[in-house]
Amino acid sequence: MLYLKRLLAATGFTLVAATPTFAQTVRLTVQPGDPKLQISKDIYGHFAEHLGRCVYDGFWVDPGLNVPKQGRIRMDIVEALRKIKVANLRWPGGCYADAYHWRDGVGPTAQRPRTINTWWGDATEDNSFGTHEFLELCKLLGTEPYLAANVGSGTVQEMANWMEYLNSNADTPLTQQRKQNGHPEPYGVTMWGIGNESWGCGGNMTADYYTDIYKRYATFAHNYPGSPKLKRIVSGANGDDAYWTETCMKKIPLDQMWGLTLHQYTLPTGSWTGSKGAATGFDEAQYFNTMKNCLKMEAVVTKHAAIMDKYDKDKKVALLVDEWGVWTDVEPGTNPGFLYQQNSLRDALVAGTTLNIFNNHCDRVRGANLAQAVNVLQALILTDKEKMLLTPTYHVFDLYQVHQNAQYLPLQFQSPEYTLNGDKLPALNASASKDASGAVHISLVNLDTKKTLQLETALPGVSWKTVSGRILTSANVNDYNTFDKPGKVKLAAFNGAKKRGGNLAVELPPQSVVVLELK
Ligand code: AHR
């Protein structure tokens, strides 16, 4: 019946499997791993830039909009994001961070200057959402703020003053100002990015020049008594730029950096020039190509991690992929500077696959931020005036939250191939962890649009009695949620996993993301 429905849904469209087929059985082993190695919760971080409708008309709405609000913060969004446990939230950019002057966004709203967001559509920025509003949003979300300091067009003094304003308990004009602006206690913000994409929109610097600049800024990024120690984060490489990472690791002393970033996006066409590919209405070849591009994350992370290992054998410095996700053409008719795109089951498969890659590299990847949370790029949430929808990507973060701060369990398996037009890619990717209660979670992604994967899983050393799970799938990989049909792609209970002796047998449907819980 299910397959008949899928066939009917496929009328006029060629993506759907006519008859399901099975690949050979995959033998998968869940290994005990190192009890001390955790999947950092910060891999499950998000990003809110002053870009398009992410902050304004996203998190921060017009006072007249008829939605639940606290001040101007949109509470239906907050409630939805609280459910998936946003580990940290990066702000105010992105490229915007290197044009942002924090003083424009504090003090009485009516007195804040109007500025121009020259990076994103030349939009008028009224600065009504500034530092205090962002930190209030983080408090409501129960998340850790991750600030990006302006290195491109700001001064060292400006950054140092922002840190004093936020974190010092001393009696100074800056801390008095913070108190007058409604926050007597220091905020204790620890995560600080020192610039963003300094090789590009952050100043078009060379790696050698940036590392000197970084050391200068980091020197004046002060730890205030009573405030938690700063996590100073180096603006890292673009994609597979090994020279950038090598230079940062070689020239910056390890005790001057807590983390180093990496930006790696998935473009359906793989090209920054011309069309990046549409967010919806794509065919199987475009889907296949997108997944091939997504899987490049494995090689990119491996490459940067290997360079970091040369200079930091003890893996003290975290690699933070603080911008990742699918970047398509904007929705027709929308402002090209606002980066608004729809989000299909394909995005969910990219999210599940990418998060599996990060989990499997958790010895080095200890932070990541999907770009971006609301109404921009691979968003978790889309809004249209009062309406709001959860994207397929949101549901993946809902499924995967079980991995946050859980013990990493390595997996061993040989993936079957997903083939199309003589090309191939691994159909299966997965990761696993054990939480504080002893429950084991396995996240499985089947990228093949036609073949069900049969898994026979051994779990030596794990004692478990029951298995349950949830699945995200849909008839077509280009299915998506609309404001009229917000539940087209949604989570469902998964009944395809059974205990067979001590082993776990799974039938993993095509184009699906599944998370299993073994207790
Ligand atoms: O996420 C959108 C933009 O992509 C960010 O502002 C920038 O850092 C990157 O190029």
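Computed from a predicted structure; not experimentally measured.

1. Overview of the sheet that holds strand 24 (residues 467–472)
With antiparallel pairing, 6 strands are arranged side by side in an open sheet as 17-21-22-28-24-25. Each edge of the open sheet carries a strand with a single partner, namely strand 17 (407–409) and strand 25 (491–493). When the angles between neighbouring strand axes are averaged without regard to direction, this sheet yields 25°. The pairing of strand 17 with strand 21 (residues 428–434) spans 3 bridges and is classified as antiparallel. Within the sheet, the bridge partner assigned to Tyr408 lies in strand 21 and is Ser433. Of the strands in this sheet, strand 17, strand 21, strand 22 (440–446), strand 24 and strand 28 (512–518) touch helix 9 (residues 345–360), which is tilted by about 55° from strand 21. Where helix 10 (residues 392–400) meets the sheet, it contacts strand 22, strand 24, strand 25 and strand 28, and its direction lies at approximately 165° from that of strand 24.

2. Regarding the domain arrangement of the chain
Each assigned domain of the chain is listed with its residue range as follows: domain 1 (2–36 + 409–518) and domain 2 (41–404). Domain 1 and domain 2 are separated by 30 Å when their C-alpha centres are compared. Counting from both sides, the interface comprises 43 residues of domain 1 and, opposite them, 40 residues of domain 2. Here domain 1 and domain 2 share 3 salt bridges between them. Applying the counting rule to domain 1 against domain 2 returns 21 residue pairs in polar contact (both at pLDDT 80 or more). Mapped by element, the contributors of at least two residues to the side of domain 1 that touches domain 2 are strand 19 (417–420), strand 20 (423–426), strand 21, strand 22, strand 24 and strand 28. If one sorts the elements of the side of domain 1 that touches domain 2 by residue count, strand 21 sits on top with 5 residues. Taken together, the residues of the side of domain 1 that touches domain 2 sort by class into 19 nonpolar, 17 polar and 7 charged.

3. Some words on the UniProt feature "domain: Alpha-L-arabinofuranosidase C-terminal" (unreviewed entry) in the chain
Within this numbering scheme, the UniProt entry marks residues 322–512 as carrying the feature "domain: Alpha-L-arabinofuranosidase C-terminal" (unreviewed entry). With 13% helix and 39% strand, the stretch residues 322–512 has end C-alpha atoms that lie 25 Å from each other.

4. Some details on the site of the ligand
For the ligand, the set of nearby residues contains 13 residues, the closest of which are Glu49, Cys95, Glu197, Tyr265 and Glu323. Between the ligand and Glu197, the relevant distance is 2.8 Å, taken from an oxygen atom to a side-chain nitrogen or oxygen of the residue. At 2.8 Å from an oxygen atom of the ligand is found a side-chain nitrogen or oxygen belonging to Tyr265. About the coverage of the ligand: the protein hides 94% of its 280 Å² of free accessible area. Its residues assigned to classes, the shell around the ligand shows 7 nonpolar, 3 polar and 3 charged.

5. A few points about the packing of aromatic side chains
In the structure shown here, the tally under the stated rule is 20 aromatic pairs. Pairing Trp162 with Trp192 gives two aromatic rings, centres 5.4 Å apart and planes at 80°, and the pair type is edge-to-face. Here Trp162 is found in helix 4 (residues 156–167), whereas its partner Trp192 is found in strand 10 (residues 191–194), with 30 residues between them in sequence. Here the two residues Trp162 and Trp192 agree in accessibility, since each one is buried. Judged by centre distance (6.2 Å) and plane angle (40°), the ring pair of Tyr287 and Tyr418 falls under tilted. Placement of the pair is Tyr287 in helix 8 (residues 284–311) and Tyr418 in strand 19, with a sequence separation of 131 residues. The two residues Tyr287 and Tyr418 agree in class, both being buried. Aromatic ring contacts, followed pair by pair, group Trp60, Trp91, Tyr96, Tyr100, Trp102, Phe129, Phe134, Trp162, Tyr165 and Trp192 into a single cluster. Across the ring face of Phe282, the terminal group of Arg346 is positioned such that the distance to the ring centre comes to 3.7 Å.

Thresholds, definitions, all that
Residues numbered from 1 in each chain as written. Predicted model: local features only at pLDDT ≥ 70, side-chain atom pairs only at ≥ 80, totals over all residues. Heavy atoms only, no water. Pairing = 2+ DSSP bridges. Helix = DSSP H or I, 4+ residues; strand = E, 2+ residues; numbered from the N terminus. Axes fitted to C-alpha atoms, helices over the stretch in contact; angles between N-to-C directions. Contact = heavy atoms within 4.5 Å. Domains from an automatic or database assignment. Salt bridge = Lys/Arg side-chain N within 4 Å of Asp/Glu carboxyl O. Polar contact = N/O pair within 3.5 Å; in protein donor to acceptor, adjacent residues only side chain to side chain. Nonpolar A, V, L, I, M, F, W, Y, C, P; charged D, E, K, R; others polar. UniProt positions renumbered as here; feature names shortened; annotations may be inferred. Near = heavy atom within 4 Å. Areas by Shrake-Rupley, 256 points an atom, 1.4 Å probe, with all protein chains shown as cover. Phe/Tyr/Trp six-rings, centres within 6.5 Å; stacked < 30°, edge-to-face > 60°. Buried < 20%, exposed > 50% of the residue type's maximum accessible area, 1.4 Å probe, protein only. Lys NZ or Arg CZ within 6 Å of the ring centre and 35° of its normal.

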